[in-house]
Amino acid sequence: MKKDTLIKRVTASGVRIYGEEAFEGMRVSGRLAAEVLDMVVEELQVGVTTGYLDRICHEMIMDNGAIPAPLNYRGFPKSICTSVNHVVCHGIPSESRPLLEGDIVNVDVTVIKEGWYGDTSRMYVAGEKVGRRAYQLMEATHECLMKGIEVSRAGATLGDVGHVIQTHAESLRFSVVREFCGHGVGRQFHEAPSVVHVGSPGEGLELEEGMIFTIEPMINVGGAGVKTLSDGWTSVTRDHSLSAQCEHTIGIGKDGAEVFTYSPKGWDCPFERVLV
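Notes on the structure follow. (Residues numbered from 1 in each chain as written. Predicted model: local features only at pLDDT ≥ 70, side-chain atom pairs only at ≥ 80, totals over all residues. Heavy atoms only, no water.)

## Observations concerning unusual backbone geometry
Argument step 1. Put simply, Ala-192 and Pro-193 share a cis peptide bond, and its omega is 5 degrees.
Argument step 2. For Pro-193, the position within the fold is in strand S10 (residues 191-195).
Argument step 3. In this structure, His-90 takes a positive phi of about 65 degrees despite not being glycine.
Argument step 4. Among the secondary structure elements, His-90 is positioned in the loop between strand S5 (87-89) and strand S6 (104-113).
Argument step 5. The exposure class assigned to His-90 is partly exposed, which follows from its relative accessible area of 26%. (Helix = DSSP H or I, 4+ residues; strand = E, 2+ residues; numbered from the N terminus. Buried < 20%, exposed > 50% of the residue type's maximum accessible area, 1.4 Å probe, protein only.)

Next up, the structure:
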């Protein structure tokens, strides 16, 4: 594989512009990450622990010749992130608390397959019923993600992406977390650019064909404020309100954004399977 077909060039702002062979690699890693989340759809139930989810995801990733990127990344102790209810992101899987009826859970998976990172997350519900506002939150968060993807094309800006996400969330009386953002990805877990989920039209980095990054809005029922717990990873809402996150990895192509992490089974919104 020729090096110059992987990274065509690096922009003045440090963003890698990738070639078609890189896109092919991202399709493979992205699909595996999505398949892991498809497996979780049937496994995330009342009474299971997030530690159990971590174990089965770890096994599936390894069985498919890949590596779970979060494991030991800057000291993170597990293979996936599991963020329950008011946890915004980076929740550490554990055996301490079985999931309860109506819990909302973000499961965030990143795999390294043949050197390429596929990064994606979805919202799930434990049990068969969830509160109406919790459902509306998850629905709005996925809508924010898809609106961000829709405007991601060559010539648009990251400000355009942040603006549509912020506008939609706030129109529904939700708030957008500022402390965390999407990021470039490819042969590294995190690279330029930073994809902030608020913004103004026409501002920020101009998108170019060949860019690869995640969009992963974190949306709260209450205020936008978050804090990180003493474990150094788990971030929660300051007001203890519910939070949700949805994430895809995309590449900017000739005709707009290519999503590498769509569910092969069409299960991108597992929460839609429950009653409200």
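And the narrative resumes.
## A short note on the side chain of Thr-82
Argument step 1. Mapped onto the elements, Thr-82 comes out in strand S4 (residues 81-84).
Argument step 2. Thr-82 sits in the buried class, given a relative accessible area of 4%.

## Details of helix H4 (residues 132-150)
Argument step 1. Its 19 residues give H4 an end-to-end C-alpha distance of 27 Å, which sits within 8% of 27 Å, the value for a rise of 1.5 Å per residue.
Argument step 2. For H4, the full list of buried residues reads Ala-134, Tyr-135, Leu-137, Met-138, Ala-140, Thr-141, His-142, Cys-144, Leu-145, Gly-148 and Ile-149. (Expected span 1.5 Å × (residues − 1).)

## Here we look at the sheet that holds strand S14 (residues 235-237)
Argument step 1. Strand order in this open sheet of three strands is S5-S14-S13, and the pairing throughout is antiparallel. A strand with exactly one partner marks an edge of an open sheet, and here the two such strands are S5 and strand S13 (226-228). Recorded for the sheet is a direction-independent mean angle of 40 degrees between the axes of neighbouring strands. (Pairing = 2+ DSSP bridges. Axes fitted to C-alpha atoms, helices over the stretch in contact; angles between N-to-C directions.)

## Thoughts on the side chain of Ser-175
Argument step 1. By the secondary structure assignment, Ser-175 is in strand S8 (residues 175-176).
Argument step 2. A polar contact is formed between the side chain of Ser-175 and the backbone oxygen of Gly-222, at a distance of 2.6 Å. (Polar contact = N/O pair within 3.5 Å; in protein donor to acceptor, adjacent residues only side chain to side chain.)

## A few points about the packing of aromatic side chains
Argument step 1. Evaluated as defined, the whole model comprises six aromatic pairs.
Argument step 2. Relative to Phe-189, the ring of Tyr-73 has its centre 4.8 Å away and its plane inclined at 55 degrees; by these criteria the two rings are tilted. You can see Tyr-73 sitting in the loop between strand S3 (67-68) and S4 and its partner Phe-189 sitting in the loop between strand S9 (182-184) and S10, a full 116 residues away along the chain.
Argument step 3. Between the aromatic rings of Phe-76 and Trp-233, the centroid separation amounts to 5.1 Å while the plane-to-plane angle is 85 degrees, which identifies the pairing as edge-to-face. (Phe/Tyr/Trp six-rings, centres within 6.5 Å; stacked < 30°, edge-to-face > 60°.)

## Concerning the pattern of salt bridges
Argument step 1. Going through the model one piece at a time under the given rule, you end up with ten salt bridges.
Argument step 2. Of the charged contacts in the structure, one is a salt bridge between Glu-191 and Arg-16, with a shortest N-O distance of 3.3 Å. Of this pair, Glu-191 sits in strand S10 while Arg-16 sits in strand S2 (residues 16-18); the two residues are 175 residues apart in sequence, bridging distant segments of the chain.
Argument step 3. For Glu-191, a relative accessible area of 11% puts it in the buried group.
Argument step 4. Residue Arg-273 is joined to Glu-42 by a salt bridge in which the shortest nitrogen-to-oxygen separation is 3.5 Å. Taken together, the residues Arg-273 in the segment after strand S17 (256-259) and Glu-42 in helix H2 (residues 20-43) connect sequence positions 231 residues apart.
Argument step 5. Judged by its relative accessible area of 49%, Arg-273 is partly exposed.
Argument step 6. Given the relative accessible area of 41%, Glu-42 is considered partly exposed. (Salt bridge = Lys/Arg side-chain N within 4 Å of Asp/Glu carboxyl O.)

## So, the sheet that holds strand S12 (residues 218-220)
Consider a sheet: its strands pair through backbone hydrogen bonds, and that pairing is either parallel or antiparallel.
Argument step 1. Overall, antiparallel pairing links the three strands, which are arranged S8-S12-S15 in an open sheet. Each end of this open sheet is capped by a strand with a single partner; those strands are S8 and strand S15 (243-245).
Argument step 2. As judged from the three bridges shared by S12 and S15, these two strands associate in the antiparallel manner. In the sheet register, Met-218 faces S15, and the bridge partner there is Gln-245.
Argument step 3. Packed on one face of the sheet, H4 meets S12 and S15 and runs near 35 degrees to S15. (Contact = heavy atoms within 4.5 Å.)

## A closer look at the nonpolar core
Argument step 1. Ranked by size, the top nonpolar core spans 36 residues in total, and within it Ile-104, Val-130, Met-138, Leu-207, Phe-213 and Ile-215 carry the most contacts.
Argument step 2. Listing elements by their share of this core, those giving two or more residues are strand S7 (116-125), H4, helix H5 (158-171), strand S11 (212-215) and strand S16 (248-253).
Argument step 3. Ignoring sequence-local partners within four residues, the contact set of Ile-104 consists of Ser-83, Val-84, Asn-85, Met-123, Tyr-124, Val-125, Val-130, Ala-134, Leu-137, Met-138, Leu-242 and Ser-243.
Argument step 4. In terms of nonpolar packing, the next biggest core, distinct from the first, is built from 22 residues, Leu-32, Val-36, Val-48 and Ile-80 among them. (Core = buried A, V, L, I, M, F, W, Y, C linked by side-chain atoms within 4.5 Å.)

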